[in-house]
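A look at the structure
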Amino acid sequence: MQRFSPPIVLIFSAVLILAALLSVMTYRNLRWEQNQMQMALTREGLTLIRTIEAGARTGMMGMMWGGDQTQTLLEEAAKQPEVAFIALIDASGQITAHSDPRQIARSFAGNLPEDQREGVYRGIVQVAEDETFFLVARAFHPVQGHVSMGMMESMGARWMSEPWMSKSWMRRDSGNSAQSQNIVVALKTEAYDQARTMDMRNAVLVGGVLLLVGSAGIYLAFLLQRNRLMQRTVGRLTDDTSRLIQGMPSGLISLDREGRVVTVNPAAEKILGRAQAEMQGNDYSELWQCPLLDRVLTGEQISVEQEIECTLNDGRQVILGLTATALYDETGEDRGIICLFRDLTETKRLQAQLQRADRLAIIGQFAAAIAHEIRNPLNTLKGFAQYLHGKVPPETEQRRYTQLMVQESERLNRIISELLDFSRPLQLELVEVDINQVLSETLFLIQRDAEAQQVQLKQFMTSELPPVPADPEKLKQVFLNLLINALQAMPDGGTLQIATHTLAEWVEIRIADSGHGVAAEDIPRLFDPFFSRRKGGTGLGLAVVHHIIEAHEGKLEVESVQGVGTTFILRLPCVHQGSATAAGGVHESPKA
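Residues numbered from 1 in each chain as written. Predicted model: local features only at pLDDT ≥ 70, side-chain atom pairs only at ≥ 80, totals over all residues. Heavy atoms only, no water.

**Side note on unusual backbone geometry**
This is how the line gets drawn: Think of it this way: any DSSP run of H or I at least four residues long counts as a helix, any run of E at least two long counts as a strand, and we number them from the N terminus. Burial classes follow relative accessibility: with a 1.4 Å probe on protein chains only, a residue under 20% of its type's maximum area counts as buried, one over 50% as exposed, and anything between as partly exposed.
Positive phi values are uncommon outside glycine, yet Ala105 reaches one of about 75°. Structurally, Ala105 can be placed in the loop between strand E2 (95-98) and strand E3 (115-117). A positive phi is found at Glu464, a non-glycine position, where the angle reads about 55°. On the basis of relative accessible area, Glu464 is assigned to the exposed category, the value being 78%.

**Focus on the packing of helix H11 (residues 435-452) against helix H12 (residues 472-488)**
The criterion, for reference: Helix axes are fitted only over the stretch in contact, all axes being lines through C-alpha atoms; the angle between N-to-C directions runs from 0 to 180 degrees. Roughly parallel covers angles under 35 degrees, roughly antiparallel covers those over 145, roughly perpendicular covers 65 to 115, and oblique covers all other angles. Whether a crossing is left-handed or right-handed is set by the direction in which the near helix is turned from the far one by less than a right angle, anticlockwise for left-handed and clockwise for right-handed. Here, residues are in contact when the closest pair of their heavy atoms is within 4.5 Å. Basically, the charged four are Asp, Glu, Lys and Arg, the nonpolar ten are Ala, Val, Leu, Ile, Met, Phe, Trp, Tyr, Cys and Pro, and anything else, Gly included, counts as polar.
Taken N-terminus to C-terminus, the directions of H11 and H12 make an angle of 40°; their axes are 9 Å apart at the nearest point. When the axis of H11 is compared with that of H12, the two are oblique. Regarding H11 and H12, the two cross each other, and that crossing is right-handed. Residues Ile435, Val438, Leu439, Glu441, Thr442, Leu443, Ile446, Asp449 and Ala450 of H11 form the contact with H12, whose participating residues are Pro472, Leu475, Lys476, Phe479, Leu480, Leu483 and Leu487. The residue inventory of the contact of H11 with H12, partitioned by class, reads 12 nonpolar, one polar and three charged.

**Digging into the packing of aromatic side chains**
What counts here: We call Phe, Tyr and Trp rings a pair once their centres come within 6.5 Å, taking the six-membered ring for Trp, and we label the pair stacked below 30 degrees between planes, edge-to-face above 60, and tilted otherwise.
Across all of its chains, the model carries one aromatic pair by this definition. For the pair Phe85 and Phe133, a centre-to-centre distance of 5.9 Å together with 85° between the ring planes defines the contact as edge-to-face. With a gap of 48 residues between them, Phe85 in strand E1 (residues 83-89) and Phe133 in strand E5 (residues 131-139) connect regions that are remote in the sequence. For the pair Phe85 and Phe133, a shared accessibility class is recorded, and that class is buried.

**Some details on the environment of Leu526**
Relative to the elements of secondary structure, Leu526 occurs in the loop between strand E16 (506-513) and helix H13 (541-551). Residue Leu526 is classed as buried on the basis of its relative accessible area, which comes to 11%.

**Section: the sheet that holds strand E9 (residues 303-311)**
The following threshold applies: Each pair of strands is called paired provided DSSP finds at least two bridges between the two strands.
Taken in spatial order, the five strands make up an open sheet running E8-E7-E11-E10-E9, and their pairing is antiparallel. Among the strands making up the open sheet, the edge pair consists of strand E8 (261-264) and E9. With strand direction ignored, the average angle separating the axes of adjacent strands in the sheet is 25°. By the bridge criterion, five bridges tie strand E7 (residues 251-255) to strand E11 (residues 334-343) in an arrangement that is antiparallel. Its bridge partner lying in E11, Ser254 is registered against Ile338.

**Overview of the sheet that holds strand E17 (residues 555-561)**
One open sheet holds the five strands; their spatial order is E13-E15-E16-E18-E17, and the pairing between them is mixed. Looking at the sheet topology across the chains shown, the edges are occupied by strand E13 (455-461) and E17. Within the sheet, the average angular offset between the axes of one strand and its neighbour, ignoring direction, is 15°. Examined bridge by bridge, strand E15 (residues 494-503) and E16 share eight bridges and lie antiparallel to one another. Looking across to E16, one finds that Leu496 is bridged to Asp513.

**Brief notes about the pattern of salt bridges**
Pairing is possible between side chains of opposite charge, provided their charged atoms come close. Spelled out, the test is: The working definition used for a salt bridge is a side-chain nitrogen of Lys or Arg within 4 Å of a carboxyl oxygen of Asp or Glu.
Counted according to the given criterion, the structure contains 11 salt bridges. One salt bridge connects Glu53 with Arg138, and the closest N-O pair in it is separated by 2.9 Å. With Glu53 in helix H1 (residues 6-62) and Arg138 in strand E5, this pair connects stretches of sequence that are 85 residues apart. Residues Glu53 and Arg138 agree in their burial class; the two are buried. Put simply, Lys348 and Glu307 hold a salt bridge, and the shortest N to O gap is 3.2 Å.

As structure tokens, then:
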């Protein structure tokens, strides 16, 4: 069963109330008009009665009328178009005089109306089956006041002998009702009925019009109220949607059917590094290359989801997770597409770090197990090599062989030590460290090698760097490995730049060389153990560097272009007032 919605129920109830009010008002108006019409007919009948009484009184007293003249008076008075008949009726209901002489001596066919006000009977009476009249009746008094017997005798015996003549006429206050007569004036009701019918039609018409107008007004009022509520709701939804779009962390860009940018939210401006004015009206291909968007624009696909690489205005390469969906209006017409995207660069970097950490953990465990197994026989071999080296005469070929055996054993032992250092947790002695001082001490160690290779050292140290909670010896190992790698990348000379500065809550160190650079596909594997493109390299140096920086809760990044050079970017957290590490202490790094 279908339920009425609240507005329809309210409208229906209001219309019913309005219809009831209009019905009551129409009924009261019709009743009032009926009363006014009856009062008018009553006045007309009484006027005619008084006229007949006056005529009869004048004729009887002045001209000694008899019954014929009074009958003539009734007939003449009844000739008015609105008069049906006039009759005199005695107490027994017999007609003593009538405007139609044929009705004399007959019994009056109808009953006098029951509505008696001030001695006057009035109302609508049905005389025959198809005859209905408005009757006005009262006692007939042609002679007013007291009349003496001498005056009555002078009027003549003939006048007093008329059947409609009664002594009760001589006194208004006579109580002899048995001999009293009533005069009845029957007025035609056709005009009254027509007027009443017309009034009823007009009342129904006006009521219907008022009902329609009122219903339309009520419905219009509800429509206006609902429209106001809808506008308020739409406005609220629009504001909420606008705030949501403006505050959402994902970028949002809408394109028209030609692929031009229409709207841009603040997150999109921040991610792409471009102002809205720069992007609006331009083709989307100026922002990113995504051939799949053409399929959405042409209607081949409803939506696409893809990861794309985008070059920003500052030259940075970012990875965007792009979702594009076709936009249709209420008629189903294509209006363009909506593009939502997020900057996945940091997420991808963290994912790569997690994957690398998993690989390093496995490699570290494997390397530690192998290192322990190799170190014992290696020490034995080294001992025998040293023993043979002491037994062989100098400057002989055997002496050179034994010396080479000892050197290679020591090199292999260093590799094993690096493996063990890489696989076991670092024990950091944290103190407040001046990064500029640690860098200066490390640069002093490679200064002669740099001069020998004709490598120019350039330092851009920011003074008054905030202190860093770190292990200075481990940091020296980090800086030394990076500086040695830089020198090895410039065998024919070049420039080595070292710069420090403060970046928000970090101290940033940049070590840049002008060497041969690193291939783009090798950068993700650069810090993996045993990965090295250099001949004779073990691939552990940068792995140890990354391990130490992670132990300090720092960050390490690489930027490199082949033929131009490589830049290592290190970021270490600054000391904050009240920090637990500010006063120094031992910090154990997580196991690799």
